[in-house]
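Fold and contact review
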Amino acid sequence: GGMISGRLLFPVSQEAHPEISSKSTRTITRKTSKSRELSRQLDSVVSLPPSGDQQQQLTSALRSMIEVDPGKVLELVSNVRDYHDREELTRDAAKEWISQSPAEALHWLEAQSAGSLRSTASYSMFYGAINSSPSLAGRIFEHLTPGNRSHAITPLISKWAKIDRARSTSSARLGGVSPE
């Protein structure tokens, strides 16, 4: 796994992310053409003068884009005026992106300045990653707001404790040789 930045506390190993290598190329190709088509629709909706109708179209276009290109959704979500719609889109896109492309999502998150977008996205990414990759969740933890950290610390510690228990059990079974 490549490091994004040298200051990170939690290295992410490739085996922690089986989902990176297991995505089928067929799905990716199909998603690419769908992504281009949805991107064109989105760009035309974004450029319309803001109105109730434009906002409805934008929200539904972004919603259909979540699984295809969650990064694009997060890029454009600030154009959504309704707070609840904006928060929901941000949460869903962030959670989807961290499971689809963890390195890319983390890189984006690190580039965000403090604010509600970063706060909502980091919280959703954290909970999106906690079960599949506690080490990734640990890296996202650094970007949580202090309030969100206080909620996230308990699940993070309990995940790490489970991993440590599993590791010590498996190395004991192998006569003290830890698996590489």
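Just so you know, these numbers come straight off a predicted model, no measurement behind them. (Residues numbered from 1 in each chain as written. Predicted model: local features only at pLDDT ≥ 70, side-chain atom pairs only at ≥ 80, totals over all residues. Heavy atoms only, no water.)

1. Examining the overall build of the chain
- Counting its regular elements, the chain contains nine helices and zero strands.
- In the chain, the succession of helices and strands from N to C terminus is α-α-α-α-α-α-α-α-α.
- Looking at the chain alone, contacts between residues at least 24 apart form 60% of all its contacts between residues at least 6 apart. (Helix = DSSP H or I, 4+ residues; strand = E, 2+ residues; numbered from the N terminus. Contact = heavy atoms within 4.5 Å.)

2. As for the packing of helix H6 (residues 102–111) against helix H8 (residues 134–141)
- Following both chains from N to C, one finds H6 and H8 inclined at 10 degrees, their axes separated by 11 Å at the closest point. Classified by the interaxial angle, the pair formed by H6 and H8 is roughly parallel. Residues Pro 102, Leu 106 and Leu 109 of H6 lie in contact with H8, whose contacting residues are Leu 136, Arg 139 and Ile 140. (Axes fitted to C-alpha atoms, helices over the stretch in contact; angles between N-to-C directions. Parallel < 35°, antiparallel > 145°, perpendicular 65-115°, else oblique.)

3. A short note on the pattern of salt bridges
- All told, the structure shown has two salt bridges when counted by the stated rule.
- Note that Asp 43 and Lys 72 form a salt bridge whose closest N and O atoms lie 3.2 Å from each other. Taken together, the residues Asp 43 in helix H2 (residues 25–46) and Lys 72 in helix H4 (residues 70–76) connect sequence positions 29 residues apart.
- Using a relative accessible area of 40% as the deciding quantity, one classes Asp 43 as partly exposed.
- Its relative accessible area of 13% is what places Lys 72 among the buried residues.
- When the shortest N-O distance is used, the salt bridge between Asp 85 and Arg 63 registers 3.9 Å. Of the two residues, Asp 85 is situated in helix H5 (residues 83–100) and Arg 63 in helix H3 (residues 52–65); the sequence distance between them amounts to 22 residues.
- You can call Arg 63 partly exposed: its relative accessible area is 39%. (Salt bridge = Lys/Arg side-chain N within 4 Å of Asp/Glu carboxyl O. Buried < 20%, exposed > 50% of the residue type's maximum accessible area, 1.4 Å probe, protein only.)

4. Describing the nonpolar core
- Of all hydrophobic cores here, the largest spans 35 residues; its most connected members are Leu 62, Met 125, Phe 126 and Ile 140.
- Of all the elements in the fold, those that place two or more residues in this core are H2, H3, H4, H5, H6, helix H7 (116–129), H8 and helix H9 (146–173).
- At five residues, the largest contribution of residues to this core is made by H5.
- Other than its neighbours up to four places away in sequence, Phe 126 contacts Ala 137, Ile 140, Phe 141, Leu 144, Ala 152 and Leu 156. (Core = buried A, V, L, I, M, F, W, Y, C linked by side-chain atoms within 4.5 Å.)

5. A short note on H7
- Taking 1.5 Å per residue as the helical rise, H7 with its 14 residues ought to reach 20 Å, and the 20 Å between its terminal C-alpha atoms agrees with that figure.
- Every buried residue of H7 is accounted for by Arg 118, Ser 119, Thr 120, Ala 121, Ser 122, Ser 124, Met 125, Phe 126 and Ala 129. (Expected span 1.5 Å × (residues − 1).)

6. A word on the environment of Ile 130
- Here Ile 130 shows up in the loop between H7 and H8.
- In this structure Ile 130 touches Ala 137, Pro 155, Leu 156 and Lys 159, once residues within four positions along its chain are discounted.

7. Some thoughts on the side chain of Thr 120
- Tracing the chain through its elements places Thr 120 in helix H7.
- Take Thr 120: its relative accessible area is 10%, and that puts it in the buried class.
- Dropping the residues within four chain positions of it, Thr 120 is found in contact with Glu 87, Thr 90 and Arg 91.

8. Section: the environment of Leu 156
- In this structure, Leu 156 sits in helix H9.
- Given the relative accessible area of 2%, Leu 156 is considered buried.
- Placed 15 residues apart in sequence, Leu 156 and Phe 141 show a C-alpha to C-alpha distance of 8.7 Å.

9. Quick look at the confidence of the model for the chain
- Per-residue pLDDT for the chain has a mean of 82; in total, 77% of the residues score no lower than 70.
- In the predicted structure, residues 1–26 sits below a pLDDT of 50 and forms 38 contacts with residues beyond four places in sequence or in another chain. (pLDDT = per-residue confidence, 0-100.)

10. With respect to the packing of H6 against H7
- Two elements in contact, H6 and H7, have axes separated by 10 Å at closest approach and are oriented at 150 degrees. Classified by the interaxial angle, the pair formed by H6 and H7 is roughly antiparallel. The hand of the H6/H7 crossing is left-handed. Within the contact between the two elements, H6 uses Ala 105, Trp 108 and Leu 109 and H7 uses Leu 117, Arg 118, Ala 121, Ser 122 and Met 125.
- Residues that form the contact of H6 with H7 fall into these classes: six nonpolar, one polar and one charged. (Left-handed = near helix turned anticlockwise from the far one by under 90°. Nonpolar A, V, L, I, M, F, W, Y, C, P; charged D, E, K, R; others polar.)

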